[in-house]
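Chain by chain, the residues run as shown.
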Amino acid sequence: MSSIIHGAGAATALSTFNPVDSKKLTNLSVRSQRYIVAGSEASKKKSFGSALTVRHSQKLIPNAVATKEADTSTSTGHELLLFEALQEGLEEEMDRDANVCVMGEDVGHYGGSYKVTKGLADKFGDLRVLDTPICENAFTGMAIGAAMTGLRPVIEGMNMGFLLLAFNQISNNCGMLHYTSGGQFTIPVVIRGPGGVGRQLGAEHSQRLESYFQSIPGIQMVACSTPYNAKGLMKAAIRSENPVILFEHVLLYNLKEKIPDEDYICNLEEAEMVRPGEHITILTYSRMRYHVMQAAKTLVNKGYDPEVIDIRSLKPFDLHTIGNSVKKTHRVLIVEECMRTGGIGASLTAAINENFHDYLDAPVMCLSSQDVPTPYAGTLEEWTVVQPAQIVTAVEQLCQ
């Protein structure tokens, strides 16, 4: 490994990643299409008055505007499963930058526990795709040290629950070294792997660790939910100067979607407008996006018009997109798979109450997993996670 580590140059400050061409930005207006929210300096000059109905004169947070997501329904593009999209994004970045390397258990010739690194060892060699012993604390620390010398390591946790063994390295070193070194080092590390409640994987392999890592200063967190944003977030995370944790859900790896042939990246700090609506804002991420959209079909048949936002950026929150939606609908439902106590939903509820309390016509409601170890039995496992019927009931209560 030492043969590919080179000396560190002058340290650079952390920078916000902004890949969006401002010339392509448009306001949110057409309800029949999908949108993502894209940051741009041009947004500071744009007015949302004509696009969103608000009852107060307070200015909106000028961090982002809405722009159409790349149209993946056209004849151009290629279909990939989500794990293949992650692999393609990782391979493209390794081709682009020789400093990008991968390390973790079985990431080499085996191809990773969910085949995200399949074929990479054959193409790039054993030094850039490094198989490690079962020692998460050690190889995470090694990756952080490699990042300090100029490499861009991608750490795969065979299961996100195993990364609890590396919590000291992630917290005290990965998140804080840029600050504690007085800006002498940046830590461009990506930590990724499968997590979430699967199909009878048992309590220890069904962890949702978003709540564990959200309080660590200096760490960014994103969660992918489609092949399109999985590839885009992977590429953006690798290029970022900040340490980024990319959460992947074990039940989403086989989702298929057509993605563009041309190169693209997603902004790490922006939410995605999945479905514009008028009556209530539903905030969600990862697997729960699909439970929410299933519930949305029932709600539309009942006469409700929910606005669904995939927050994607778990830290920091895209309060611009969320705030615009709250000021339009005045009601908020948060749906997450994370635990209720101290989860992402709890932090999001606090942020909404602190910033947009005057715009709420009802208390923020949060549907979360129960605070219990995930049972092995399939019927019990299902009861611990939010189901579409619960989402429908919650919306009906909030919209009374």
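Everything that follows concerns the structure shown earlier in this document.
Because the structure is predicted, anything quoted here is derived from the model rather than measured. (Residues numbered from 1 in each chain as written. Predicted model: local features only at pLDDT ≥ 70, side-chain atom pairs only at ≥ 80, totals over all residues. Heavy atoms only, no water.)

1. Thoughts on the overall build of the protein chain
Part 1 of the reasoning: Check the secondary structure of the protein chain and you find twelve helices and 16 strands.
Part 2 of the reasoning: Pairs at least 24 residues apart make up 83% of the contacts formed inside the protein chain by residues separated by at least 6 positions.
Part 3 of the reasoning: Roughly 16600 Å² of accessible area belongs to the protein chain as shown, and the carbon and sulfur atoms make up 52% of that amount. (Helix = DSSP H or I, 4+ residues; strand = E, 2+ residues; numbered from the N terminus. Contact = heavy atoms within 4.5 Å. Areas by Shrake-Rupley, 256 points an atom, 1.4 Å probe, with all protein chains shown as cover.)

2. Observations concerning empty space enclosed by the protein
Part 1 of the reasoning: Under the defined criterion, the tally for this structure stands at three cavities of 30 Å³ or more.
Part 2 of the reasoning: Estimates place the volume of the largest cavity at around 140 Å³.
Part 3 of the reasoning: It is strand β9 (residues 244-249) that provides the largest number of residues to the lining of the largest cavity, a total of three residues.
Part 4 of the reasoning: When the residues that make up the lining of the largest cavity are grouped by side-chain class, the tally is six nonpolar, five polar and five charged. (1 Å grid on protein atoms, 1.4 Å probe; cavity = no way out; pocket = protein on both sides within 12 Å on 5 of 7 lines; lining within 4 Å. Points joined across faces, edges and corners; volume = space filled by probe spheres on them. Nonpolar A, V, L, I, M, F, W, Y, C, P; charged D, E, K, R; others polar.)

3. Some points on the environment of E270
Part 1 of the reasoning: Among the structural elements, E270 can be located in the loop between β10 (256-259) and β11 (272-275).
Part 2 of the reasoning: Its relative accessible area of 4% is what places E270 among the buried residues.
Part 3 of the reasoning: Here the alpha-carbon distance between E270 and T321, two residues 51 residues apart in the chain, equals 7.9 Å.
Part 4 of the reasoning: Side-chain polar atoms of E270 contact the side chain of N267, separated by 3.3 Å. (Buried < 20%, exposed > 50% of the residue type's maximum accessible area, 1.4 Å probe, protein only. Polar contact = N/O pair within 3.5 Å; in protein donor to acceptor, adjacent residues only side chain to side chain.)

4. Focus: the packing of aromatic side chains
Part 1 of the reasoning: Counted according to the given criterion, the structure contains three aromatic pairs.
Part 2 of the reasoning: Plain terms: the ring middles of Y114 and Y253 are 4.8 Å apart, the flat faces sit at 25° to each other, and that makes the pair stacked. With a gap of 139 residues between them, Y114 in the loop between β4 (100-104) and α2 (120-124) and Y253 in the loop between β9 and β10 connect regions that are remote in the sequence.
Part 3 of the reasoning: Pairing F167 with F213 gives two aromatic rings, centres 5.6 Å apart and planes at 20°, and the pair type is stacked. Here F167, found in helix α4 (residues 167-174), pairs with F213, found in helix α6 (residues 210-213); they are 46 residues apart in sequence, far enough to count as distant. (Phe/Tyr/Trp six-rings, centres within 6.5 Å; stacked < 30°, edge-to-face > 60°.)

5. Some thoughts on the environment of H109
Part 1 of the reasoning: The residue H109 is located in the loop between β4 and α2 in this model.
Part 2 of the reasoning: Here H109 falls in the exposed class, since its relative accessible area comes to 55%.
Part 3 of the reasoning: What H109 contacts, discounting residues up to four positions off in sequence, is A121, D122, D126 and D131.
Part 4 of the reasoning: At 3.1 Å, the side chain of H109 and the side chain of D122 are in polar contact.

6. Notes on unusual backbone geometry
Part 1 of the reasoning: The residue after K315, namely P316, is reached through a cis peptide bond having omega 0°.
Part 2 of the reasoning: Mapped onto the elements, P316 comes out in the loop between β14 (313-315) and α9 (319-329).
Part 3 of the reasoning: At Q200, a position not held by glycine, the phi torsion is positive, near 55°.
Part 4 of the reasoning: One can find Q200 in the loop between β7 (190-195) and α6.

7. A closer look at the pairing of strand β12 (residues 280-284)
Part 1 of the reasoning: Along β12, five of the five residues are buried, which leaves the element largely enclosed by surrounding structure.
Part 2 of the reasoning: Alternating residues of β12 divide into I280, I282 and T284 and T281 and L283, and every residue in both groups is buried.
Part 3 of the reasoning: The pairing of β12 with strand β13 (residues 306-310) spans five bridges and is classified as parallel. If you follow T284 over to β13, its bridge partner there is D310.
Part 4 of the reasoning: In terms of handedness, the path from β12 via helix α8 (residues 288-301) over to β13 forms a crossover that is right-handed.
Part 5 of the reasoning: Across three bridges, β12 lies against strand β15 (residues 332-339) in parallel orientation. Counted as the bridge partner of I282 is L333 from β15. (Pairing = 2+ DSSP bridges. Right-handed = clockwise from strand over helix to strand, strands pointing away.)

8. Let's talk about the pattern of salt bridges
Two side chains with opposite charge may pair up if their charged atoms get near one another.
Part 1 of the reasoning: Tallied over the full model, the rule gives 21 salt bridges.
Part 2 of the reasoning: For D263, the salt bridge identified is with R239, shortest N-O distance 3.4 Å. Linking D263 in the loop between β10 and β11 with R239 in helix α7 (residues 227-239), this pair joins segments that are 24 residues apart in sequence.
Part 3 of the reasoning: Note that E272 and R312 form a salt bridge whose closest N and O atoms lie 3.4 Å from each other. (Salt bridge = Lys/Arg side-chain N within 4 Å of Asp/Glu carboxyl O.)

9. As for the packing of helix α1 (residues 82-96) against α7
Part 1 of the reasoning: In contact at an axis separation of 8 Å, α1 and α7 are set at 30° when each is read in the N-to-C sense. With respect to each other, α1 and α7 are oriented roughly parallel. Where α1 crosses over α7, the two elements pack in a sense that is right-handed. In contact with L82, A85, L86, E88, G89, L90, E92, E93 and R96 of α1, α7 contributes P227, A230, K231, M234, K235, I238 and R239.
Part 2 of the reasoning: Class assignment for the residues of the contact of α1 with α7 results in eight nonpolar, one polar and seven charged. (Axes fitted to C-alpha atoms, helices over the stretch in contact; angles between N-to-C directions. Parallel < 35°, antiparallel > 145°, perpendicular 65-115°, else oblique. Left-handed = near helix turned anticlockwise from the far one by under 90°.)

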